[in-house]
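An overview of the molecular structure
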Amino acid sequence: MYYIIMNPASKSGRGIRIWEKIEPVLKKRQIPYQFMISTHNGHVAELVRDITKNDACVDFIILGGDGTINEALQGIRDFSKVRIGYIPTGSSNDLARDMRLDKDPLKILDTILSDRVIRKADIGVLTYGSCIRRGENPADSATDRRTVENDLSGRFPADTSRYFIVSSGIGFDAAVCEEALSSRVKDILNKLKLGKLTYLGIALKQLITAKAVSCELRLDDQAPIRVKRFLFIASMIRQFEGGGFRFCPQADSQDGLLDLCFVGNLAKPVILFALPTAFFGKHYLFPHISHYRAHKVEIKTSIPLWVHTDGEVYFKADHIYLSCEKQQLTFLV
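All residue numbers here refer to positions counted from 1 along the written sequence of the relevant chain. Local features in a predicted model are, by the rule used here, given only for residues with pLDDT of at least 70; side-chain atom pairs are given and counted only at 80 or more, and totals for whole chains, interfaces and linings are based on all residues. To obtain the side-chain values, all non-hydrogen atoms of the structure were included, while hydrogens and water were left out.

With respect to the pattern of salt bridges
What counts here: The salt bridge criterion pairs a side-chain nitrogen of Lys or Arg with a carboxyl oxygen of Asp or Glu, the two atoms within 4 Å. Under the DSSP-based scheme used, a helix requires at least four consecutive residues in state H or I and a strand at least two consecutive residues in state E, with every element numbered from the N terminus. Here's how the labels work: a residue is buried when its accessible area is under 20% of the maximum for its type, exposed when over 50%, partly exposed in between, all with a 1.4 Å probe on protein chains only.
Within this structure, the stated rule accounts for twelve salt bridges. A salt bridge links K205 to E179; the shortest N-O distance between them is 3.0 Å. Taken as a pair, K205 in helix α8 (residues 196–209) and E179 in helix α6 (residues 172–181) lie far apart in primary sequence, 26 residues in all. Look at K205 and you get partly exposed, because its relative accessible area is 45%. By relative accessible area, which is 18% here, E179 ends up buried. Salt-bridge contacts for R226 lead to E216; the nearest nitrogen and oxygen are separated by 3.2 Å. Taken as a pair, R226 in strand β10 (residues 225–227) and E216 in strand β9 (residues 215–219) lie far apart in primary sequence, ten residues in all. For R226, a relative accessible area of 62% corresponds to the exposed category. Sharing partners across several salt bridges, the network here consists of D59, R83 and D115.

Right under this line is the structure:
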């Protein structure tokens, strides 16, 4: 039995068109399945949580983008008892790009149903040391801020930690994701197959308006790295982020490590030249763009900044922890 979950909003309805292609194959091959459609934000996590509540082994097929997979992760109770087949229908599809999935959804489906290809993958964990929920005013009372203990060894409440399978970022990249989530232009451009222009326009705007922010970065148990000004820090499980930016060409999704792309104090005109080179992984040729690798990461910033997990944005934070759980997820593709 396969539990098939589809995000109908992914890339302005592309998921529905792909489902119309694969449903006849499932019926012809008499594959048992249960089909579900997500109807609201957080619904995928709710569905996965309900399906896995009996502690049985479950096979999922997810039709959606990176954000849909991210949401599914939040609902999994025991990763050792879940396997995921993934058919990408999103606008960024960085997970599919890194996994080198076939462009043809029917070929991906055939691989999933064959049950011959098993891939183990690392999972990242983001934990908020303090945070402000999306839509709340940072100037509100202290009760609006959530805090957790400085303990990376245990599990955390759902509203203070999130899993990620591609990347988590704080600063510029997360601010672009946050604005894109509420952009009406994105839906229009997706229908015209020009969705990446949304991110380009928002990125230019965010770059122009970016404020000077300092940070403190601690890798594992090493002494902290203090920087007076930075643009963003991307903590990567995979090589790609943001629709094809190869921010961490060195990233290995099975090594149990986070690869960090740290963009520091670059002049804005230089950043405009540097960002396009990231599509080819050549951005480290520029000064103040650094690569780090660690099991655990702690980041403190001088002001709260947007934080994303696989492009999904829920909180601003000025203190976060990140860690990597080695080969915890099983893919059927």
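What about the pairing of strand β7 (residues 161–164)?
As a reminder, the rule being used: Whether two strands pair depends on DSSP finding at least two bridges between them.
The alternating pattern of β7 places S161 and Y163 and R162 and F164 on opposite faces, both of which are buried. Relative to β7, strand β5 (residues 119–133) is paired through four bridges, and the arrangement is antiparallel. From the neighbouring strand, G124 faces β7, where its bridge partner is F164.

Quick notes on helix α1 (residues 14–28)
Worth spelling out the cut-off: Expected helix span is given by 1.5 Å per residue-to-residue step, counting one fewer step than there are residues. Throughout, a residue-residue contact means that at least one pair of heavy atoms, one from each residue, lies within 4.5 Å.
Given a rise of 1.5 Å per residue, 15 residues ought to cover 21 Å, and the 23 Å separating the end C-alpha atoms of α1 matches this to within 8%. Buried residues in α1 make contact with β1 (2–6), β2 (33–37), β3 (58–64), β4 (82–88) and α5 (105–114). The positive-phi residue at the C-terminal boundary of α1 is Q30, with phi of around 55°.

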